[in-house]
Every structure is written in C-alpha cells, then in structure tokens.
Amino acid sequence: MAEFAFNSFYELIIDDLINRKYCVTDTFFTVEEIDLLRTNLLIKQSLTTFKKAAVGPLSNEQIIEEVRGDFILWMDESSSDQIEKMYFNKINNFIHYINRTCYLGIQEGEFHYACYPEGTFYKRHLDVFHTDVRRTLSVVLYLNTPDWQPDNGGALALYLKDAAGCEKEELIHAQPGRLVIFDSKEIEHEVQMVYKPRYSITGWLKTR
Ligand code: OGA
Ligand code: MN
C-alpha cells in the first residue's frame, strides 16, 4: 500500500469542511489548468449541444425554467480526453486523501460541465434527492474568463446558520479557478441571476 503523505493544503480544506461545512479555495488548480479546462469546455460546447438541466432524480427529471436555467454536459471518467483526465486525477487524489483521513467512504463522483446563459439562475435548493442520498460533498469549479467581475452576477449564495442558529447568507463570486466544496446534505444554496455566460464544472462525491 502506498505510504500516507500528509498534505497541508488538503488539511486546510478538511478543517473548513469540518468546522463550517464548506470551503473555498482558489489554488486547487493552476491558472494554466483552468485555461485548459475552460478551452475544453468551450470546444465541447461548439461541438455538442449541452442539455437543458433538469430538476429531481434521474428517474423523475423535470425541466422547470423557473427553478433552473443552466445547460449541462456530463463528463465521462473513462474518456481519453487528457484535460478531463487531469481534472479527474486531481479530484481523485483528494478523494483518496479524505477517505483515509475522514472516513467519509466516498465511492464515486459524478461531474458535469455547466453553462448558465445570460438571464438564468438556479433557485435555492439542496443537492440531495429523497431517492439518492449518496451525494455527500458538492464540488463546484468556476471556469469563467480571467476578466470575470462580480457584477456579471451568478454568485453562489450559501444559506448557513450562525452560532445562534439564525440563517445567514454567504455570497461566493464565480471567480475563475475558484473551487467550492460543501456538504450536499446540509447546505441549501442558489445561483443568483447571471448577466454574462457563466461556466463551471459541478460534481458530487458520493458514498456507496
Ligand atoms: C448545482 C449548483 C452551484 C454553482 O448545479 O446544483 O448548485 O455555483 N451549482 O454553479
Ligand atoms: Mn446545487
């Protein structure tokens, strides 16, 4: 078995996940890797049609414009796409680490590219469905262009509880390269109205 190597960067992420159920980091991927992933997404978007994203479990998907306006393309971990391989390698490394240190028992991941055109949003929701409770951690990576500004909209709002149990809203801007990980079962969230096309990879780390 490979020797266990302590990773101080992962430890910071894990501390945040334990202490406040979410974490935000801008350095999980390098600027070059983000450029590659963005270019890859844009090429895929020009070659294939992204699907209008639905709401609810696979067995009962519904497209509800008033809830969610993004277009998605599921990623395939077994594809030969070198840039996707790089993405999966980095994520899988992290999964192995948290499985060894946090006993979360993450078995698999599912990931899709997402594009929110101008004028779209995703209303407040939780990422677990009654019929699929395996989603444990939600992982969102923003692939917007380097000149992305907060007034382009599309901030991710996390609905948290303060020490007194009162709800507070934490706004996270969709800066390129930013990775947000949060507890899928606990944190309700929404994507605010988007004013410029907004690109990301969204995924879920799931237990068996
Ligand atoms: C989702 C979602 C958040 C984001 O796809 O379920 O909440 O910031 N995405 O894109
Ligand atoms: Mn969500």
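Note: the structure precedes this text.
Residue positions are counted from 1 within each chain, in the order its sequence is given. The order in which chains are written sets their letters, starting at A; the order in which ligands are written sets their numbers, starting at 1. Since the coordinates come from a predicted model, pLDDT governs what is reported: local features require at least 70, and pairs of side-chain atoms require 80 or more to be given and counted, while whole-chain, interface and lining totals use all residues. With hydrogens and water set aside, each side-chain value is computed from the structure's full complement of heavy atoms.

Caption draft 1: Focus on the overall build of the protein. Helix numbering and strand numbering both begin at the N terminus, where a helix is a DSSP run of H or I of at least 4 residues and a strand a DSSP run of E of at least 2. Helix and strand content of the protein: three helices and eleven strands. When the helices and strands of the protein are read in sequence order from the N terminus, they spell out α-β-α-β-β-α-β-β-β-β-β-β-β-β. Computed over the C-alpha atoms, the radius of gyration of the protein is 17 Å, within 12% of the 17 Å expected from 2.2 N^0.38 for a compact globule of 208 residues. For the protein, the spread of C-alpha atoms along the principal axes amounts to about 45 × 45 × 40 Å. Exposure categories follow from relative accessible area, calculated using a 1.4 Å probe and restricted to protein chains: below 20% of the type maximum is buried, above 50% is exposed, and the middle band is partly exposed. The 208 residues of the protein split such that 47% are buried. Contact between two residues is taken to exist if any of their heavy atoms lie within 4.5 Å; hydrogens are not considered. A sequence separation of at least 24 residues applies to 78% of the contacts in the protein between residues at least 6 apart. Both definitions apply: the radius of gyration is a C-alpha atom measure, and the globule rule equals 2.2 Å times residues to the power 0.38.

Caption draft 2: Up close: the layout of surface pockets. The space that makes up the largest pocket amounts to roughly 540 Å³. Around the largest pocket, the lining comprises 38 residues; the ones closest to its centre are Arg68, His112, Phe129, Arg135 and Trp204. Every element with two or more residues in the lining of the largest pocket is listed here: strand E2 (51-52), strand E3 (71-74), strand E4 (106-116), strand E5 (122-125), strand E6 (135-142), strand E10 (188-191) and strand E11 (198-207). For the lining of the largest pocket, the element with the highest residue contribution is E11, accounting for five residues. As a working rule, the residues Ala, Val, Leu, Ile, Met, Phe, Trp, Tyr, Cys and Pro are called nonpolar, Asp, Glu, Lys and Arg charged, and the rest polar, with Gly in that last group. Broken down by class, the residue content of the lining of the largest pocket amounts to 18 nonpolar, nine polar and eleven charged. Contributing to the lining of the second largest pocket are 15 residues, with Tyr159, Leu160, Lys161, Glu186 and Ile187 lying nearest its centre. Among the elements of the structure, helix H1 (8-20), strand E7 (156-161) and strand E8 (167-172) are those that each provide at least two residues to the lining of the second largest pocket. Of the residues in the lining of the second largest pocket, the class split is five nonpolar, one polar and nine charged. Only protein atoms enter the 1 Å grid used here, on which a cavity is any set of points holding a 1.4 Å probe that cannot leave and a pocket is any open set flanked by protein within 12 Å on both sides along at least five of seven lines; residues with an atom within 4 Å of a point are listed as lining. Grid points are joined across faces, edges and corners, and a volume is the space filled by probe spheres set on the points.

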